[in-house]
Amino acid sequence: MADEAAGVPEAPSHDPQGLELARQIARATRGSGPRQAPQKKRKPVQRTDEPTRIGEVLKEVIDTEGWTREVNVHQLLARWPTLVGPVNAAHSVPESYKDTVLTVRAESTTWASSLRTIAPQLVAILNENLGQGTVTRVHVMGPESPNWKKGRRSVPGRGPRDTYG
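Residues numbered from 1 in each chain as written. Predicted model: local features only at pLDDT ≥ 70, side-chain atom pairs only at ≥ 80, totals over all residues. Heavy atoms only, no water.

Regarding its fold elements, the protein presents seven helices and three strands. For the protein, with 165 residues in total, the buried portion stands at 22%. In the protein, once contacts between residues fewer than 6 apart in sequence are set aside, the share between residues at least 24 apart is 56%. Total accessible area computed for the protein in this model is approximately 12,800 Å², and 54% of it derives from carbon and sulfur atoms. (Helix = DSSP H or I, 4+ residues; strand = E, 2+ residues; numbered from the N terminus. Buried < 20%, exposed > 50% of the residue type's maximum accessible area, 1.4 Å probe, protein only. Contact = heavy atoms within 4.5 Å. Areas by Shrake-Rupley, 256 points an atom, 1.4 Å probe, with all protein chains shown as cover.)

Another point: the pattern of salt bridges. For the coordinates displayed, the defined rule picks out two salt bridges. Ionic pairing is found between Arg105 and Glu95, a salt bridge with its closest N-O pair at 3.1 Å. In this pair, Arg105 is assigned in strand β2 (residues 101–106) and Glu95 in strand β1 (residues 92–98), connecting sequence segments ten residues apart. What makes Glu95 partly exposed here is its relative accessible area of 42%. (Salt bridge = Lys/Arg side-chain N within 4 Å of Asp/Glu carboxyl O.)

Further remarks concern the packing of helix α4 (residues 68–77) against helix α7 (residues 109–130). For the pair α4 and α7, the least separation of the axes is 11 Å and the interaxial angle reads 125°. The orientation of α4 with respect to α7, classified from their angle, is oblique. Relative to α7, α4 is oriented so that their crossing is right-handed. Residues Asn72, Val73, Leu76 and Leu77 of α4 pack against Leu126, Asn129 and Leu130 of α7. (Axes fitted to C-alpha atoms, helices over the stretch in contact; angles between N-to-C directions. Parallel < 35°, antiparallel > 145°, perpendicular 65-115°, else oblique. Left-handed = near helix turned anticlockwise from the far one by under 90°.)

Once that is clear, we can look at α4. Count 3.6 residues to each turn of an α-helix, and residues three or four apart come out pointing the same way. Those residues of α4 not exposed but buried are Val73, Leu76 and Leu77. Projected down its long axis, α4 carries its buried residues within an arc of 100°, all on one side. Taken together, the buried residues of α4 touch α5 (80–84), β1, β2 and α7. (Arc of directions from axis to C-beta.)

Here we come to the sheet that holds β1. Hydrogen bonds between backbone atoms are what pair the strands of a sheet, whose relative direction is either parallel or antiparallel. Across the sheet, three strands lie side by side as β1-β2-β3; this open sheet has mixed pairing. Bordering the open sheet on either side are β1 and β3 (137–141), each of which pairs with just one other strand. Within this sheet the neighbouring strands show an average axis-to-axis angle of 25°, counted without direction. In this sheet, β3 lies alongside β2 in parallel orientation, the contact comprising five bridges. (Pairing = 2+ DSSP bridges.)

When the local axis directions of α7 are compared, the greatest deviation, roughly 50°, occurs at Ile118, which is followed within four positions by the proline Pro120. Of the positions making up α7, those classed as buried are Ala112, Leu115, Ala119, Leu122, Val123, Leu126 and Asn127. Those residues of α7 hidden inside the fold are in contact with α4, α5, α6 (86–90), β1, β2 and β3. Of the residues flanking the end of α7, it is Gly131, one or two places downstream, whose phi is positive at about 110°. (Bend = angle between axes of the 7 residues up to and from the residue.)

We now examine the side chain of Thr100. Here Thr100 shows up in the loop between β1 and β2. The exposure class assigned to Thr100 is buried, which follows from its relative accessible area of 19%. Excluding residues within four positions of it along the chain, Thr100 makes contact with Arg69, Gly133, Thr134, Val135, Thr136 and Arg137.

For the rest of this paragraph, the subject is the environment of Thr68. Within the secondary structure layout, Thr68 lies in helix α4. Non-local contacts of Thr68, meaning those with residues more than four positions away in its chain, are made with Ile62 and Asp63.

Right, let's get into the side chain of Arg105. Residue Arg105 is classed as buried on the basis of its relative accessible area, which comes to 17%. In this structure the side chain of Arg105 is engaged in a polar contact, spanning 3.1 Å, whose partner is the side chain of Glu95. Beyond its immediate sequence surroundings of up to four residues, Arg105 is in contact with His91, Ser92, Val93, Glu95, Met141, Gly142, Pro143 and Glu144. (Polar contact = N/O pair within 3.5 Å; in protein donor to acceptor, adjacent residues only side chain to side chain.)

Structural data, given as structure tokens:
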């Protein structure tokens, strides 16, 4: 609230259903611009009798919102088997990309170690395809450890071993 009084606009809230994005796409296909002032300079919309292709509209929305880097990363990660090979891809999955760090989850510690050895090559391949500096590090994690907490009436302790003695 103090930021609004100081003249700094509050950041827009996250729209989990994507309704605002759908409205932007619908407005773009109709040819009318967004109701609020655009942040980047937009091309003038040319009105024709031909329908607008959805790919063109999506590209415009992606460019306007500044999502180009993230979309390119996710498109490239969709080809994960070609990046790491089919054997490594069968035992690992990319989980997230944030702040130039790609996080990968391996199904075992052995596969995690194997992927850690090729992590520098992955960074080089990703940067070659996406532009230098897009990925600065590949963080490889092993499998999640089992959770022994069961049920809503469980108590803190050593896990299943505390009942065997």
